[in-house]
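# Architecture and fold: a report
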Amino acid sequence: MREGEGSSPGGTAEPDPSPAPEGPAGSADRVAGATLLLLAAAVGIEATTFDVAFLADPVGPKALPLVVSFLLTLGGLRTLARPRARGDIDLPGESSLRRIAGAVAVFLLYSGALPWLGFFLSTTLVVTALSVLFGGPWKGGLAAGLTLSAALWLLFVTLLSLPLPVGELWIR
């Protein structure tokens, strides 16, 4: 029997309910848990600012952000209360971190390009760029981008009657 383990009546060893692990693993989980709690607070506070002049539906626009805030709070508290053991954490390698940074950059560019290029072209370009970034062929990414853009355009504009940006470039 290892130190810190007790013996149960059946003769099997029970793990020691030791405190949360210290070191890089415990610290990383504490940072992640605190970040989730801060994000939950921000989402919850922002949700309280949503007001609608007319009663569109009984739940209102606050419901979804408040549910997201609640789930983020649960995840943050769980991560703070029970961080993972040191051997359970596999951090991404350098190439994965480059891809993640590239994807973040692509989405930031997407948010800036959307008002100018419009939904259809911006979405096509972002799907193509992400496809290439993660190792797919550019022709396949372009086909996927065109298909996704067309499907989403039909869904939102035709079926849901929600307008999507056409783009300043095409309006002039």
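Structure report, in brief. Just so we're clear, the structure is a prediction, and the values are computed from it rather than from any experiment.

As for its placement among the helices and strands, Ala47 is situated in helix 1 (residues 24-47). For the pair Ala47 and Ser69, spaced 22 residues apart in sequence, the C-alpha to C-alpha distance is 8.8 Å.

It is worth spelling out the packing of helix 3 (residues 94-133) against helix 4 (residues 138-159) at this point. Helix 4 packs onto helix 3 with a crossing angle of 145° between their chain directions and a minimal axis gap of 8 Å. The two elements helix 3 and helix 4 meet at a crossing, and its hand is right-handed. In this structure, helix 3 contributes Phe119, Phe120, Thr123, Thr124, Val127, Thr128, Ser131 and Val132 to the contact, and helix 4 contributes Trp138, Gly141, Leu142, Ala144, Gly145, Leu146, Leu148, Ser149, Ala150, Leu152 and Trp153. The residue makeup of the contact of helix 3 with helix 4, split by class, is 12 nonpolar, seven polar and no charged.

Here we take up the pattern of salt bridges. Where charged atoms from two side chains of opposite charge come close, those side chains can pair. A full pass over the atoms with the stated rule returns one salt bridge. Between Arg98 and Glu94 there is a salt bridge, with its nearest N and O atoms 2.3 Å apart. Placement of both Arg98 and Glu94 in helix 3 is noted, with a separation of four residues, approximately one turn of the helix. Looking at Arg98, the relative accessible area reads 54%, which means it is exposed. On the basis of relative accessibility, which here comes to 56%, the residue Glu94 falls in the exposed class.

About the thresholds
One numbering rule holds for all chains: residues counted from 1, following each sequence as written. Only residues with pLDDT of at least 70 get local features here, since the model is predicted, and only at 80 or more are side-chain atom pairs given and counted; chain-wide, interface and lining totals rely on the full set of residues. To obtain the side-chain values, all non-hydrogen atoms of the structure were included, while hydrogens and water were left out. Helical segments are the DSSP runs of H or I of at least four residues, strand segments are the runs of E of at least two, and each set is numbered from the N terminus. Under this scheme, a helix contributes an axis fitted over its contacting stretch, all axes are lines through C-alpha atoms, and angles between N-to-C directions fall in the 0 to 180 degree range. Helix crossings get a hand from a simple test, with the near helix turned counterclockwise from the far one by less than a right angle marking a left-handed crossing and a clockwise turn marking a right-handed one. The contact criterion used throughout is that any non-hydrogen atoms of two residues lie within 4.5 Å. Each residue gets one label: Ala, Val, Leu, Ile, Met, Phe, Trp, Tyr, Cys and Pro are nonpolar, Asp, Glu, Lys and Arg are charged, and the others, such as Gly, are polar. Any Lys or Arg side-chain nitrogen located within 4 Å of an Asp or Glu carboxyl oxygen qualifies as a salt bridge. Accessible area is worked out with a 1.4 Å probe on protein chains only. A residue is then buried under 20% of its type maximum, exposed over 50%, and partly exposed in between.

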